[in-house]
Amino acid sequence: MAQITRTGSPGEVSDILPRSSTNTYQYSPFSKDAEKSSIRLIRLLPGYPSSPVVVELVTVPLDPGKIPYYEAVSYVWGTSYQQYEIACDGLSMAVSESALLALRRFRFVDHIRLLWIDQICINQQDDKEKSSQVMLMGEIYGTASQVLVYLGEADDTSDKAMDYISERRAQQEEWPRQFVVQVLSRPWFSRVWILQEVALAHTSLVICGAKCVPWPCFPEWWTRNELLLGPEVNPPPVLSYGLSVMKRFTLLQQLHDTRHSKATLALDKIYALLALLQPEDRIGVLVDYSLSTAEVYTSVAKSIIERTKSLAILSGKEEKPYVERERLPSWVPDWGTVPSTVSLGLANKYLDPFDAGGKPACRVNISIPLNGPPTLHCLGITFDTVKKLSLSTMRPGQDAATNNVEVLVDWLDLISGSSSSVVSETADYLIGQFNQNLRGVSSYSRSPPQPPKFAYSLWTTIQALSTPTLQLEPAELHARNNRGEPTSSTLKFCYERKLFLTHSGALGLGPPDLLQGDTVAVLLGAPVPHILRRLPSSEQNNSANVYALVGECFVDGIMAGEALNHLQDQLKEMGHRCRTFAKSCSNAPLETFCIQ
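Keep in mind the model is a prediction, meaning the values are calculated, not measured.

### Considering the overall build of the protein chain
Helix and strand counts for the protein chain stand at 18 helices and 19 strands. Across the 596 residues of the protein chain, 54% fall into the buried class. Summarising the internal contacts of the protein chain: among those between residues at least 6 apart in sequence, 71% fall at separations of at least 24. For the protein chain, the accessible area works out to roughly 27000 Å², and carbon and sulfur atoms hold 51% of it.

### Side note on the packing of aromatic side chains
In the structure shown here, the tally under the stated rule is twelve aromatic pairs. Their ring planes at 65° and their centres at 5.9 Å tell us that F354 and F554 sit as a pair that is edge-to-face. Placement of F354 in the loop between α13 (293-308) and β11 (365-367) and of F554 in strand β18 (residues 554-555) is noted, with a sequence separation of 200 residues between them. In textbook terms, an aromatic cluster arises when at least three aromatic residues are bridged by ring pairs, as seen for W188, F189, W215 and F218. Over the ring of F30 we find R40; its NZ or CZ atom is 4.3 Å from the centre of that ring. Across the ring face of Y289, the terminal group of K130 is positioned such that the distance to the ring centre comes to 4.6 Å.

### Some thoughts on the pairing of strand β15 (residues 519-523)
The buried fraction of β15 is high, at five of five residues. Alternating positions in β15 separate into two faces, T519, A521 and L523 on one and V520 and V522 on the other, with burial throughout. Bridge count for strand β12 (residues 375-389) against β15 is five bridges, and the pairing is antiparallel. The residue bridging I381 from the neighbouring strand is V522, located in β15. Relative to strand β16 (residues 530-534), β15 runs antiparallel, the two sharing three bridges.

### With respect to the packing of helix α5 (residues 158-167) against helix α6 (residues 174-184)
If you want to describe how two helices pack, look at the angle between their axes and the distance between the axes. Two elements in contact, α5 and α6, have axes separated by 8 Å at closest approach and are oriented at 105°. Looking at the two axes, α5 sits roughly perpendicular to α6. Residues S158, K160, A161, M162, Y164 and I165 of α5 form the contact with α6, whose participating residues are W175, P176, F179, V180 and V183. The residue inventory of the contact of α5 with α6, partitioned by class, reads nine nonpolar, one polar and one charged.

### A few points about the side chain of N404
On the secondary structure map, N404 appears in helix α14 (residues 401-414). When its relative accessible area of 1% is taken as the criterion, N404 is described as buried. Here R395 takes part through its backbone nitrogen, which lies 2.9 Å from a polar atom of the side chain of N404.

About the thresholds
Residues numbered from 1 in each chain as written. Predicted model: local features only at pLDDT ≥ 70, side-chain atom pairs only at ≥ 80, totals over all residues. Heavy atoms only, no water. Helix = DSSP H or I, 4+ residues; strand = E, 2+ residues; numbered from the N terminus. Buried < 20%, exposed > 50% of the residue type's maximum accessible area, 1.4 Å probe, protein only. Contact = heavy atoms within 4.5 Å. Areas by Shrake-Rupley, 256 points an atom, 1.4 Å probe, with all protein chains shown as cover. Phe/Tyr/Trp six-rings, centres within 6.5 Å; stacked < 30°, edge-to-face > 60°. Lys NZ or Arg CZ within 6 Å of the ring centre and 35° of its normal. Pairing = 2+ DSSP bridges. Axes fitted to C-alpha atoms, helices over the stretch in contact; angles between N-to-C directions. Parallel < 35°, antiparallel > 145°, perpendicular 65-115°, else oblique. Nonpolar A, V, L, I, M, F, W, Y, C, P; charged D, E, K, R; others polar. Polar contact = N/O pair within 3.5 Å; in protein donor to acceptor, adjacent residues only side chain to side chain.

Have a look at this one:
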């Protein structure tokens with residue numbers, strides 16, 4: 001466990017002076033030849049604890065053979081609008097409180113330290129410079145001799161927590177684990193930028209107050225304590241998967257996996273990931289802060305669809321009603337929001353994947369007119385329309401168990417087209433399972449009964465089970481359909497979704513904004529079916545086949561491509577592939593959907 005030299009009183013706000021000077025530092029732009037190959041570094045001049053922070057800016061080529069030894073800072077800008085003053089080349093420069101605290105913490109008493117810190121080394125008021133420098137950030141962190149991760153100053157328990165992390169062993173007592181969880185809850189761990197800052201670094205040191213721990217201790221501690229912490233404690237995104245593995249993921253998969261990570265600017269939800277991609281996966285995305293969020297998100301969605309020949313990105317749509325999303329087309333995910341549902345089409349990469357729409361997305365066309373909404377034109381079928389739907393939804397969490405049992409009763413009422421005795425038998429079985437597994441209370445005085453036949457479709461639906469890829473004997477099929485005693489893991493796909501019935505009797509799970517009369521469509525190249533809502537005609541839209549995307553859905557019996565079986569010959573001529581089945585569950589013709 002390393003102890004870093006205390007060079008000031010960084011946590012004392014009284015040491016920080018509000019900005020007052022009128023002699024403000026003005027950046028000199030990079031020369032044309034240097035703007036894409038050079039960076040600024042700060043020379044952090046030595047100082048005593050009570051002395052002001054003084055820096056000098058120098059421009060250096062970003063060339064491993066020419067650049068001097070420097071360290072890159074990874075930190076959180078903070079949300080405070082209050083700015084503080086440092087001296088830069090003899091003039092006043094405004095910085096955030098977190099940047100000032102980091103500089104005070106990293107400053108040496110007797111010699112200069114060479115650092116790269118984005119808030120000072122990039123002219124944040126110049127979008128052109130910011131765009132070109134952000135494109136270099138992967139190289140900046142990869143070239144740095146080491147990365148200094150600043151978590152902030154110490155609190156009552158953080159010193160002990162950092163000691164526990166450095167030991168990298170399982171903590172059998174609960175209170176040491178809780179101390180560490182408090183450190184892992186600090187804002188730094190939720191930032192999307194930290195993924196590249198840590199992943200591309202040669203070495204990283206994590207600093208919290210006066211304690212310093214090498215970064216590898218953090219994922220190692222988590223690995224040894226994950227089971228002891230239990231399922232209620234989720235890892236920060238930077239610890240939830242190996243960063244070396246992450247670098248092999250596509251942009252779409254990374255956008256999904258970092259959905260809970262935060263960025264001050266919505267554009268950075270995309271820009272922060274580019275350095276982690278292989279060149280072929282960057283799909284031509286360039287950093288440009290002069291563009292609007294809608295322009296960038298739409299352009300990226302268009303590029304992903306065209307390059308991958310897949311409509312999987314539609315599964316990234318959040319559950320906002322399209323009438324509230326005027327700034328984005330309904331088919332473009334808003335990566336700056338976090339959906340309340342677990343994605344069916346993107347979150348099951350470690351499970352038997354769904355393949356409702358086959359591969360690839362044939363004859364897709366995306367039009368982005370100057371005066372009109374960007375429109376996705378794609379092929380598919382209208383499988384059915386929503387006839388009935390639930391008004392109540394299940395929720396995650398131990399405290400939601402009672403609610404979820406009540407919701408299950410409502411869902412059984414929704415599909416009670418069978419005899420009351422069968423429904424009653426089904427209810428007894430399913431409610432008993434919910435009570436036993438979600439609340440720890442058994443409804444049975446003896447072993448629970450076997451699930452009745454009527455429960456299979458509902459059980460398959462609420463667990464979003466894929467179509468078996470193996471031939472199963474009756475006993476094996478029974479075991480599969482009943483593999484799922486209800487737990488937070490097996491029910492994750494049904495949380496916050498609405499149960500619905502179509503006019504043909506198909507059972508499904510739909511998005512929170514589902515309405516009666518919505519269209520259930522199977523789109524070529526989309527791994528799951530989608531709910532579409534017909535848009536009223538207007539001057540820009542005089543077609544009867546224009547829709548808004550409401551969200552993805554699960555429909556029992558069509559998740560492996562069964563709904564396209566009757567179109568096999570037609571699809572084969574188009575170069576489209578989907579699984580073959582003995583029977584067809586639809587006779588709907590292929591049509592073009594215009595989604596705005």
